[in-house]
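Coordinate analysis (summary)
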Amino acid sequence: ASRTGFGEAVRRVLELRDRGEAFTCVMGALADLIDAERGSAEAVEAALGATLQSLVVPTSGHLPGSAELDLLEGRVSFLPVCAVGDCDGFTLERDPLDALVASGRVRSLRPLVRLRADALDHLGETGQRLLDRLLGRTFLVESMDAAVMLSTGVLGRGARFVTRDGAVLEPDGRVIAGPASDETGGVGVLQRRAELDDLTSKLASVDASLGRVRVEL
């Protein structure tokens, strides 16, 4: 199949799959697996958008492991034909999931995000509701394995899960992983701003300490 229009990271995964070196459970990109009538192709492409480049795997049990994810050269979306719990014979116990939540190893992402002061002044409660809508059902987890388990557990199917290294499990079963790039849009903006704020705070603390030393001298 032609891979024109696919991202470089997607093409790389398919090349590794074709050579049998990795990602052997990948059936192909969604665009390779579907067709649309000529008169409706544009509408179908608009509706599916970037999902057309999602790499299809049979079930959530066939998602790449950490060793394969480390091979990714950019952001890639993996799309199970059967999401967790949808396929016959693929079920998970709830008790370990509930214990995982109770242990504090799963955190809601929403309280970790706040409006900047100028945005809060301008948007007020409306801005808070926007963040609620975007992140209210998103949870920070230790690993993608934990995310897959939790997707059928106490948190329910409407939840999204993200790991600290940036892998995301969407409610529809897609997994988006791999290093981000500037082309993704807004990549690193929050990270750089947080680092700058931290450095600014440390610098202020050092200045205060120097001021106290000068007074003592």
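As the structure is a prediction and not an experimental result, all values here were calculated from the model.

Before going further, it helps to spend a moment on a nonpolar patch on the surface. The grouping of Met 27, Leu 33, Ile 34 and Val 81 at the surface amounts to a nonpolar patch, some 340 Å² of accessible area in total. For Leu 33, the position within the fold is in helix α2 (residues 30-33).

A few words on the pairing of strand β5 (residues 138-141). In β5, alternate side chains face the same way, and those of Thr 138 and Leu 140 on one face and Phe 139 and Val 141 on the other are all buried. Judged from the four bridges that link them, β5 and strand β6 (residues 160-163) form a sheet pairing that is parallel. Paired with Phe 139 across the bridge in β6 is Phe 161.

This part is about the pattern of salt bridges. With the rule as written, the count across this model stands at seven salt bridges. A salt bridge links Glu 73 to Arg 12, with the nearest nitrogen and oxygen atoms 3.5 Å apart. Of the two residues, Glu 73 sits in the loop between α4 (66-69) and β3 (76-82) while Arg 12 sits in helix α1 (residues 8-18), which places them 61 residues apart along the sequence. The shortest N-O distance in the salt bridge between Arg 19 and Glu 21 comes to 2.8 Å. The partly exposed category is assigned to Arg 19, whose relative accessible area is 47%.

Turning our eyes to something else, we now look at the nonpolar core. Membership of the largest hydrophobic core comes to 31 residues, with the highest contact counts inside it found for Phe 23, Val 26, Leu 55, Leu 72, Val 76, Phe 78 and Phe 161. Looking at this core, the elements that each hand over two or more residues are α1, β2 (55-59), β3, β5, α8 (144-150) and β8 (175-177). Within the second largest apolar cluster, six residues are counted, among which are Leu 135, Leu 140, Val 162 and Ile 176.

Before going further, it helps to spend a moment on the side chain of Thr 138. Here Thr 138 shows up in strand β5. At 3.2 Å, the side chain of Thr 138 forms a polar contact with the side chain of Arg 160. Discounting residues that sit within four places of it in the chain, Thr 138 has contacts with Arg 107, Ser 108, Leu 109, Arg 110, Arg 160 and Val 162.

Judged by how many residues are buried, β2 sits mostly within the fold: four of five residues are covered. Pairing analysis gives two bridges linking strand β1 (residues 28-29) to β2, with the strands arranged antiparallel. The partner of Ala 29 across the bridge, within β2, is Leu 55.

Rules of the game
Residues numbered from 1 in each chain as written. Predicted model: local features only at pLDDT ≥ 70, side-chain atom pairs only at ≥ 80, totals over all residues. Heavy atoms only, no water. Patch = residues over 30% accessible without salt bridge, like charges linked within 9 Å, V, L, I, M, F, W, Y side chains within 5 Å. Areas by Shrake-Rupley, 256 points an atom, 1.4 Å probe, with all protein chains shown as cover. Salt bridge = Lys/Arg side-chain N within 4 Å of Asp/Glu carboxyl O. Helix = DSSP H or I, 4+ residues; strand = E, 2+ residues; numbered from the N terminus. Buried < 20%, exposed > 50% of the residue type's maximum accessible area, 1.4 Å probe, protein only. Pairing = 2+ DSSP bridges. Core = buried A, V, L, I, M, F, W, Y, C linked by side-chain atoms within 4.5 Å. Polar contact = N/O pair within 3.5 Å; in protein donor to acceptor, adjacent residues only side chain to side chain. Contact = heavy atoms within 4.5 Å.

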